[in-house]
2 protein chains.
Amino acid sequence: MSEVYAARRTRLREYCNAGGSAAALVSRPANVRYLAGAAPRGAVLLLGKTEDLLVCGGPTADRPGQERPDEALRVQALPGVGGGDPAVAAADLAAGQGADSLAVEEHHLTVARHRALGSVAPRLRLANLGSAVEQLRVVKDEEEISCLRIGAEIADQALGELLESILVGRTERHLALELERRLVDHGADGPAFPTSVATGPNAGHPGHRPTDRRVEEGDFLSVCLGATYRGYRCEIGRTFVIGTAPADWQIELYDLVFAAQRAGRESLVPGAACRDVDRAARQVLDSAGYTEGLTALTGHGVGLEIDEDPQLSPTAMGKLDACVPVTVEPGVHLPGRGGVRIDDTLVVRPEADGGPELLTITTKELLAL
Amino acid sequence: MSEVYAARRTRLREYCNAGGSAAALVSRPANVRYLAGAAPRGAVLLLGKTEDLLVCGGPTADRPGQERPDEALRVQALPGVGGGDPAVAAADLAAGQGADSLAVEEHHLTVARHRALGSVAPRLRLANLGSAVEQLRVVKDEEEISCLRIGAEIADQALGELLESILVGRTERHLALELERRLVDHGADGPAFPTSVATGPNAGHPGHRPTDRRVEEGDFLSVCLGATYRGYRCEIGRTFVIGTAPADWQIELYDLVFAAQRAGRESLVPGAACRDVDRAARQVLDSAGYTEGLTALTGHGVGLEIDEDPQLSPTAMGKLDACVPVTVEPGVHLPGRGGVRIDDTLVVRPEADGGPELLTITTKELLAL
């Protein structure tokens with residue numbers, strides 16, 4: 001793996017040098033992890049003029065269960081108890097290496113930290129690295145996709161087991177906790193984001209936080225969960241009906257959201273504009289009159305964070321590339337009645353390779369449980 | 001409750017006006033919640049020249065399970081799908097109200113957001129609010145302490161139940177998940193922080209992330225958990241021995257950490273210097289030769305965040321006031337062997353009121369389980 005991290009750092013270094021900076025300071029944890037193999041709490045990565053360093057806030061004893069940084073990378077732990085801000089120390093080190101300019105992540109560093117960097121190394125010109133690392137992270141290699149695939153399998157398993165159990169009478173909170181336990185049982189590092197279980201009038205609400213409401217006959221039940229596996233986060237969302245037979249309005253609404261979600265999935269081809277994928281899903285809902293209350297996004301990238309570029313939204317710029325994993329997750333929520341969300345994680349693949357690769361394979365038929 | 005929030009905003013406004021700013025923008029979520037009663041995702045609070053506003057990023061439909069903002073506060077939702085950064089909108093509104101200066105949280109706003117604020121309202125002078133709200137939050141009112149007390153009771157209950165179950169053979173991960181389920185069972189909003197369960201050589205490691213290691217006879221088992229109740233977060237940590245009888249080294253180490261923790265607790269009086277509380281605990285460990293590998297803090301404030309001011313550390317400034325809740329949590333970890341941490345949440349109270357109020361009342365006798 002060490003070559004992978006070294007190659008990523010080389011790409012970033014080339015980008016920085018082209019922008020006129022001899023050195024870069026990466027502080028956003030997911031970016032540090034992407035380039036260094038691990039992001040101990042508070043650690044920052046210095047791509048220095050003469051050497052790259054992972055600068056950590058305190059002693060970095062090997063802890064079980066913790067990822068280890070790339071062995072090719074020197075780790076510098078700040079001395080003493082509570083050794084200060086690693087970003088400030090890294091700026092000092094960059095200046096010590098003779099760099100005259102340091103590109104920093106202005107979308108991550110606070111104004112106060114940025115000022116502290118300027119104070120410790122007043123001769124260092126602070127430039128903006130922007131989201132250069134986030135942009136490198138968009139297209140995944142097969143190793144990364146493999147982590148997402150395993151995470152998706154784990155989420156499918158956890159969801160499948162839940163569906164076999166008795167649901168009526170149990171609270172949203174308990175179902176969410178049980179799903180999270182099952183994720184860990186099946187080998188996840190943990191949930192990729194707080195598991196959402198929404199029943200009855202809550203169903204279909206994006207990001208609904210589980211309450212003490214109990215599952216009742218006739219409810220819609222929508223569930224959204226994901227596993228983190230080796231740092232990679234995937235997402236699956238499904239909606240079910242509780243009871244013997246769904247009502248007509250439930251079938252209609254489900255079919256509509258399903259059609260929107262399929263339209264989104266089918267438009268996932270390399271070269272497609274992100275806003276066109278969004279439009280494909282959104283216009284199915286729009287044309288049925290559900291213009292109000294739609295979410296800002298119908299999907300987004302996933303990876304080391306659960307919400308990455310690209311964004312699938314009406315105002316999104318850019319096009320999809322092959323090997324970009326995204327969610328497709330349109331939904332409709334009717335206040336007071338509930339609603340439907342269907343959410344898959346897929347990888348954009350060329351037609352010649354069979355088109356989009358579906359990672360979350362739980363059925364999307366409307367199940368009555 | 002509305003008067004409480006209004007009074008807090010008045011105090012902050014007086015502070016700002018004294019500093020020469022007619023308006024303030026609060027963006028750090030715990031600070032927004034403290035002043036507005038709720039912090040919908042991404043929302044910021046504008047203490048404006050003519051009116052206070054809670055500015056939210058999208059539609060703010062009432063969701064079950066979500067706190068509601070202070071009713072005396074006007075809520076402004078940004079229009080449309082994905083309506084931009086509420087902080088930028090708030091700066092625009094502040095300028096529209098005729099403010100010439102806006103104090104912002106430079107320790108929370110990123111450089112990029114700060115620049116966007118400057119662009120939207122170029123005539124507005126951006127000043128630094130610093131940690132003014134964090135400082136207001138240090139001393140708690142009895143309502144806040146009551147939330148912490150209930151949270152502590154919940155954590156005590158969850159821990160007590162775990163101790164009655166069979167532990168040998170179960171993994172750290174499973175024990176942690178079960179504790180979190182029990183927290184929710186007993187009425188917590190959720191865990192206050194990721195529950196830590198550490199066995200054998202992992203025991204006593206601060207912030208240990210649970211692994212698949214199973215509990216064995218003869219292990220130290222250290223557990224650290226907390227409940228969030230109405231937003232308020234408490235913390236308890238205990239260490240146990242698995243098996244019929246602890247070994248001599250285990251008893252010695254336990255007694256030492258217990259003595260250190262008691263020394264810290266007993267030094268919690270209004271007016272005590274934070275560093276003296278730290279020293280009281282730390283010197284017990286120091287004088288027994290455990291100078292290496294001690295953590296930076298032996299305790300910290302708790303409240304809407306799990307790690308607040310004051311900090312109990314060798315370099316801490318400031319003194320303790322009455323009604324400040326803090327943890328006291330010294331520990332020792334011996335690499336390869338394990339260790340002991342003992343952690344309570346207490347409220348500083350004057351001697352006349354009976355001295356420090358212990359919120360986490362689970363026994364600190366060395367239990368052999």
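About the cut-offs
Residues numbered from 1 in each chain as written. Chains lettered and ligands numbered in written order. Predicted model: local features only at pLDDT ≥ 70, side-chain atom pairs only at ≥ 80, totals over all residues. Heavy atoms only, no water. Pairing = 2+ DSSP bridges. Helix = DSSP H or I, 4+ residues; strand = E, 2+ residues; numbered from the N terminus. Axes fitted to C-alpha atoms, helices over the stretch in contact; angles between N-to-C directions. Contact = heavy atoms within 4.5 Å. Buried < 20%, exposed > 50% of the residue type's maximum accessible area, 1.4 Å probe, protein only. Parallel < 35°, antiparallel > 145°, perpendicular 65-115°, else oblique. Left-handed = near helix turned anticlockwise from the far one by under 90°. Buried area = accessible area lost by both parts, 1.4 Å probe. Salt bridge = Lys/Arg side-chain N within 4 Å of Asp/Glu carboxyl O. Polar contact = N/O pair within 3.5 Å; in protein donor to acceptor, adjacent residues only side chain to side chain. Nonpolar A, V, L, I, M, F, W, Y, C, P; charged D, E, K, R; others polar. Domains from an automatic or database assignment.

- Per an unreviewed UniProt entry, the recorded name for chain A is Aminopeptidase P family protein, and the organism is Streptomyces tuirus.

**Considering the sheet that holds strand S3 (residues 52-56) of chain B**
All names here are of chain B.
Inference 1: Spatially, S4-S3-S2-S1-S5-S6 is the arrangement adopted by the six strands of the open sheet, whose pairing is mixed. Edge positions in the sheet fall to strand S4 (74-77) and strand S6 (125-128), since each has one partner strand and no second. Here the strands of the sheet are splayed against their neighbours by 25° on average, with no regard to which way each runs.
Inference 2: Contacts from helix H2 (residues 29-36) reach strand S1 (23-26), strand S2 (44-47) and S3, with the element oriented near 55° to S2.
Inference 3: Sitting on the sheet, helix H4 (residues 111-120) is in contact with S1, S2, strand S5 (101-104) and S6, with an inclination near 145° to S6.

**Points about the side chain of Thr171(A)**
Inference 1: Among the secondary structure elements, Thr171(A) is positioned in the loop between helix H6 (142-163) and helix H7 (172-185).
Inference 2: A relative accessible area of 5% places Thr171(A) in the buried class.

**Here we look at the packing of helix H8 (residues 248-266) of chain B against helix H9 (residues 274-287) of chain B**
Residue and element names in this part refer to chain B.
Inference 1: Remark: H8 packs on H9, axes separated minimally by 7 Å, with the N-to-C direction vectors making an angle of 165°. Considering their axes alone, H8 and H9 lie roughly antiparallel with respect to each other. The handedness of the crossing between H8 and H9 comes out as right-handed. Contacts between H8 and H9 involve Leu256, Val257, Ala259, Ala260, Ala263 and Gly264 on the former and, on the latter, Val277, Ala280, Ala281, Val284 and Leu285.

**Points about the interface of chain B and chain A**
Inference 1: Listed by partner, the interface residues are 36 residues for chain B and 35 residues for chain A.
Inference 2: Counting the surface lost from both chain B and chain A, the interface buries some 2,700 Å², and carbon and sulfur atoms represent 58% of this.
Inference 3: Connecting chain B to chain A are two salt bridges.
Inference 4: The shortest N-O distance in the salt bridge between Arg115(A) and Glu106(B) comes to 2.1 Å.
Inference 5: There are 13 residue pairs in polar contact (both at pLDDT 80 or more) connecting chain B and chain A.
Inference 6: It is helix H7 (residues 172-185) of chain B that provides the largest number of residues to the side of chain B that touches chain A, a total of six residues.
Inference 7: The residue inventory of the side of chain B that touches chain A, partitioned by class, reads 12 nonpolar, 15 polar and nine charged.

**Points about the domain arrangement of chain A**
Residues and elements named next belong to chain A.
Inference 1: Each assigned domain of chain A is listed here: domain 1 (2-137) and domain 2 (139-358).
Inference 2: Here the C-alpha centroids of domain 1 and domain 2 sit 34 Å apart.
Inference 3: Of the residues lining the interface, nine residues belong to domain 1; the matching set on domain 2 comes to 11 residues.
Inference 4: Buried area between domain 1 and domain 2, both sides added, is near 790 Å², and the carbon and sulfur share of it is 33%.
Inference 5: Taken together, the connections running from domain 1 to domain 2 amount to five salt bridges.
Inference 6: The salt bridge involving Glu305 is made with Arg137; its shortest N-O contact spans 2.9 Å.
Inference 7: The interface formed by domain 1 and domain 2 holds eight residue pairs in polar contact (both at pLDDT 80 or more) in total.
Inference 8: Taken together, the elements giving at least two residues each to the side of domain 1 that touches domain 2 come down to helix H1 (2-18), helix H2 (29-36) and helix H5 (132-138).

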